[in-house]
Amino acid sequence: MKAVSYRDQEWLENLLADIWYQHFRDVEQNNDVVIIWAKRAKRRLGSIEIDGRDGHTSIIKVNRLFQDLEVPEYVIRATIVHEMTHYAHGFGSPHDKKQQHPHSGGVIRKEFAERGLVDLYLQQKRWLKDNWRNFLLERGML
Ligand SMILES: [Zn+2]
């Protein structure tokens, strides 16, 4: 990483809190939810799962490459909205399952749309399409 990033653990937690408050206020938090920077990855931007150690905490993991300041903040926001959508749909969370598979039938895009976040969805897609491959190349990830 070239510059020291301000995107530390506290920043990530604040971002989740902000997104939850701004866009998911209707989604009850009925368990502990933690968010952490996870390993650098080419494809996996984020994930959510129930902690296997305690069986109830939701862990949202975000690709550590996103600490790099060349990645726009909206890419990270969109990743967290994606994982929060899974949480709301009962994947990696104690909520009732809204559908059988976490990504079936365009449910993610639909959720962004219903929350007025289509632009964010498209911005992320666009940035990844235009920049991700070079970003990975420059960092020896490809
Ligand atoms: Zn997903």
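Look above for the structure.
Residues numbered from 1 in each chain as written. Predicted model: local features only at pLDDT ≥ 70, side-chain atom pairs only at ≥ 80, totals over all residues. Heavy atoms only, no water.

A.B. asks: I tried to follow the sheet that holds strand β3 (residues 58-63) on my own but got confused; where do I start?
C.D. replies: Where strands meet in a sheet, backbone hydrogen bonds hold them as pairs that are either parallel or antiparallel. The three strands lie next to each other as β1-β3-β2, forming an open sheet whose pairing is mixed. The open sheet has two edge strands with one neighbour each: β1 (33-38) and β2 (46-50). On average, each strand axis in the sheet is inclined to that of its neighbour by 20°, with strand direction left out of account. Two strands pair when backbone bridges link them, and β2 and β3 are joined in this way by five bridges, in the antiparallel orientation. Looking across to β3, one finds that I48 is bridged to I60. Against the sheet, helix α1 (residues 9-23) contacts β1 and β3, and its axis sits at roughly 135° relative to β1. The strands touched by helix α2 (residues 73-88) are β1, β2 and β3; relative to β2, the strand with the most contacts, the crossing angle is about 30°. (Pairing = 2+ DSSP bridges. Helix = DSSP H or I, 4+ residues; strand = E, 2+ residues; numbered from the N terminus. Axes fitted to C-alpha atoms, helices over the stretch in contact; angles between N-to-C directions. Contact = heavy atoms within 4.5 Å.)

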